[in-house]
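Here's the letter readout for the chains.
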Amino acid sequence: MRNKTHRELIKGWNPFTDEEIKRYVSKGFWQNLTICDLLDRNAEILPNKLAAVDDATQVTWKELQYRSKRIAIHLKKLGVKYGDFFVLQMPNTIEFLYMFLGLNRLGAIPIMCVPRHGKIEVNHMVSLHEAKGIAVATRKKFDYVGMVEEIRQGHPYLEILLTVGGETPPGWLSVEQLMKEEVEKDYPEDYLEQFKPDPNDICAELLSGGTTGLPKAIPRTNNDYICDSDYACRAYGSTDESVSLAALPLGHGFPIVCVVGQALLKGNTVVLTKLRKAEDIFEIIERHGVTHLFLVEIQMIYLKEAKELAKAHNLSSLKAIVGPLRPDLVKWGIQELGVSVINMFGMAEGQQTFGRWDSPEESQMYTIGRPILVHPENVIRLVDDNNKDVQEGEIGEMVTKGPMVFKGYFRNEEENRKAFDEQGFFHSGDLMSVRKDGRFVFEGRKKYMIKRGGENIYPEAVEALLMRHPKIEFCATVGIPDVRLGESLGVFVQPVKGETITLDEIAAHMKEKGMSIFQCPERLEIVNGWPLSPSQKINKRLLKAYITTKLYQEGAIDKEYANSYLKLEKVDVDSILSGEVQIEFAGTPT
């Protein structure tokens, strides 16, 4: 039996204090259970009920229980110990659940990389955590195995290499093959109990973007993860009869909390798919009787564009669509599909606001609802630059703390000093206002960040890599309004004198350096000088205004959309076109 918990064993994280643990448990926010306690409860009470289904396989709660135990014993035999870290970069298949739950049975910690993470991000996560192993997909589109082979030489502790799907390369093991071997028959029935984690142990490392281009790791404990899932599923009306479809990668915080977490809590069914086309989503909803669909804005756009295809499918089971969505998409879902569309805001760090399943249409269209847990212990404040509360209707930064909010990034004291104040509030960088009815409105980001189709991009990291190109003298990346993706990434480049450069050359450079594909610029503007701020820095506010106005002139966006995008910059298209706001590409930055 172990005699230490993660709090004593793992260095470099900030657990909840004993006083906080006692308080949150006594007030009922925390259940003092682990995620595998929830799984075992479902297996006992609902053994034959369908727990999960993917594009090829389905399992009941009892089957999911014994298969998670099987993979846990295999992992133990391979050398995984309590407190070890293990990278998961897997597709939306049932094998993901086996690994996620199996690692937790050992008190080992899954690091949730998503399929779009490239060599830079995965290498950083392996290094930061000294990961014992990694599980990746074998795919034709991207060579994950080759990526791991490139980085493994620098990490002697990375001992276990697993694949899912496709052929197993030499030196690797297949999750599917391990699942065929009934290793549990060689061990006592209670063998895994000795490794059972504590409710305050880390159950997952979720990831958040970083200004350096390297993701930050977010330790989520069993208690705060279950609390987050519990109050979220109350907001969108999840019951034991719900069937939830995760239409985005499970490695993201949104689906792992709001889809997997609620299924474990309620004992209902989760549908996993690697398919992304609208017609496939409609077919899956009809085939499995999906009641709750979880997606991001770009996926909702695809569904709306394929609305004629929807008519060929029986979607009567669908009760709710949940995701961060713009007003016209919310309205379409409510009025055309006839379902509740629940707008929301969430972050891997823990805090969430949701509309409710029965909220009125206007509030779903124009707000992100209220906190999922409305209680004095779950604190959300909107503050100004002096950390003073703003007035109702004014824009301020959301700062928060409570029973579902993490306490600090893993082994990253520099970021923690920036992100937390002396009172323990996490400063999210998200700008919001609150209406008279108590509902929050998302207004933008305080920190300069680009959100492309649900993925966060930090310009400083992209620019640092671009500046290593021998043809680039200066560069600046900015967000570009995109009616499909929300934002895409544009780059302004001043080439070295006498040189020229193309977007294809930039893409090749980014790929060679290991940058994720979603962080590659999609539009290039060549300049010979720059609009500058009073401190002689590149004025990104004016670059953003320039490219937005240019897109309007090209017919890519209308004026209303352009002005909405420029709202926080306090400039509009007309002021640019009239010359009221001058943008001169003539300066040299210092």
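These figures come from a predicted structure and were not determined experimentally.

**Points about the overall build of the chain**
Line of reasoning, step 1. Looking only at helices and strands, the chain features 21 helices and 25 strands.
Line of reasoning, step 2. Of all 590 residues assigned to the chain, the portion counted as buried reaches 59%.
Line of reasoning, step 3. Of the contacts formed within the chain by residues at least 6 apart in sequence, a portion of 69% connects residues at least 24 apart.
Line of reasoning, step 4. Working note: accessible area of the chain is about 24800 Å², and carbon and sulfur atoms make up 49% of it.
Line of reasoning, step 5. Here the chain carries 73 positive and 83 negative side-chain charges, and the mean point of each set is 1 Å from the other.

**What about the layout of surface pockets?**
Line of reasoning, step 1. Put simply, the second largest pocket is a space of about 430 Å³.
Line of reasoning, step 2. Lys69, Arg105, Glu189, Leu192 and Glu193 are, among the 21 residues lining the second largest pocket, the residues nearest its centre.
Line of reasoning, step 3. Mapped by element, the contributors of at least two residues to the lining of the second largest pocket are α3 (35-45), α4 (61-78) and α5 (94-105).

**Points about helix α14 (residues 327-337)**
Two residues of an α-helix separated by three or four positions point the same way, owing to the 3.6 residues in each turn.
Line of reasoning, step 1. Turning to α14, its buried residues number three or more, namely Leu329, Val330, Trp332 and Gly333. Buried residues of α14, viewed axially, fall in a sector of 160 degrees; they line one side.
Line of reasoning, step 2. Looking at the buried positions of α14, the neighbouring elements they touch are α12 (297-305), α13 (307-310), β14 (340-346) and α15 (361-366).
Line of reasoning, step 3. In the segment just after α14, Gly338 is the residue with positive phi, at about 75 degrees.

**Details of the sheet that holds strand β2 (residues 58-60)**
Line of reasoning, step 1. Across the sheet, which stays open at both edges, the nine strands sit in the order β2-β1-β11-β10-β12-β13-β14-β15-β16 with mixed pairing between neighbours. In the strand order of this sheet, the two ends are held by β2 and β16 (370-371), each with one partner.
Line of reasoning, step 2. Here strand β13 (residues 320-323) pairs with β14 via four bridges, running parallel. Looking across to β14, one finds that Gly323 is bridged to Asn343.

**Looking at the environment of Met365**
Line of reasoning, step 1. In this fold, Met365 is placed in helix α15.
Line of reasoning, step 2. Residue Met365 is classed as buried on the basis of its relative accessible area, which comes to 11%.
Line of reasoning, step 3. Expressed as a C-alpha distance, the spacing of Met365 and Val341, which sit 24 residues apart in the sequence, is 8.7 Å.
Line of reasoning, step 4. Ignoring any residue separated from it by four or fewer positions in sequence, one finds Met365 in contact with Pro327, Val330, Lys331 and Asn343.

**What about the packing of aromatic side chains?**
The description of an aromatic ring pair uses the distance of the two centres, along with the angle that the planes make with each other.
Line of reasoning, step 1. All told, the structure shown has 20 aromatic pairs when counted by the stated rule.
Line of reasoning, step 2. With a centroid separation of 5.4 Å and an interplanar angle of 55 degrees, the aromatic rings of Phe406 and Phe420 are classed as tilted. Within this pair, whereas Phe406 is found in the loop between β18 (396-401) and α16 (413-419), its partner Phe420 is found in the loop between α16 and β19 (426-434), the two being separated by 14 residues in sequence. Side by side, Phe406 and Phe420 carry an identical accessibility label, which is buried.
Line of reasoning, step 3. Seen from their ring centres, Phe492 and Phe585 are 6.2 Å apart, and the 15 degrees between their planes marks the pair as stacked. One end of the pair, Phe492, is in strand β24 (residues 486-495); the other, Phe585, is in the segment after α21 (573-577), with 93 residues separating them in the sequence.
Line of reasoning, step 4. A connected cluster of aromatic rings, assembled from ring pairs, spans Tyr236, Phe254, Phe294 and Phe354.

**A word on a positive patch on the surface**
Line of reasoning, step 1. Judged by side-chain charge, Arg139, Lys141, Lys274, Arg276 and Lys277 come together as a positively charged surface patch.
Line of reasoning, step 2. Topologically, Arg276 is positioned in the loop between β11 (269-272) and α11 (278-288).

**Observations regarding the environment of Gln262**
Line of reasoning, step 1. Its location among the elements puts Gln262 in helix α10 (residues 253-266).
Line of reasoning, step 2. On a C-alpha basis, the gap between Gln262 and Ser242 in space is 9.7 Å, while along the polypeptide they are 20 residues apart.

Rules used throughout
- Residues numbered from 1 in each chain as written.
- Predicted model: local features only at pLDDT ≥ 70, side-chain atom pairs only at ≥ 80, totals over all residues.
- Heavy atoms only, no water.
- Helix = DSSP H or I, 4+ residues; strand = E, 2+ residues; numbered from the N terminus.
- Buried < 20%, exposed > 50% of the residue type's maximum accessible area, 1.4 Å probe, protein only.
- Contact = heavy atoms within 4.5 Å.
- Areas by Shrake-Rupley, 256 points an atom, 1.4 Å probe, with all protein chains shown as cover.
- Lys, Arg positive; Asp, Glu negative; His and termini not counted.
- Charge placed at Lys NZ, Arg CZ, Asp CG, Glu CD.
- 1 Å grid on protein atoms, 1.4 Å probe; cavity = no way out; pocket = protein on both sides within 12 Å on 5 of 7 lines; lining within 4 Å.
- Points joined across faces, edges and corners; volume = space filled by probe spheres on them.
- Arc of directions from axis to C-beta.
- Pairing = 2+ DSSP bridges.
- Phe/Tyr/Trp six-rings, centres within 6.5 Å; stacked < 30°, edge-to-face > 60°.
- Patch = residues over 30% accessible without salt bridge, like charges linked within 9 Å, V, L, I, M, F, W, Y side chains within 5 Å.
- Salt bridge = Lys/Arg side-chain N within 4 Å of Asp/Glu carboxyl O.

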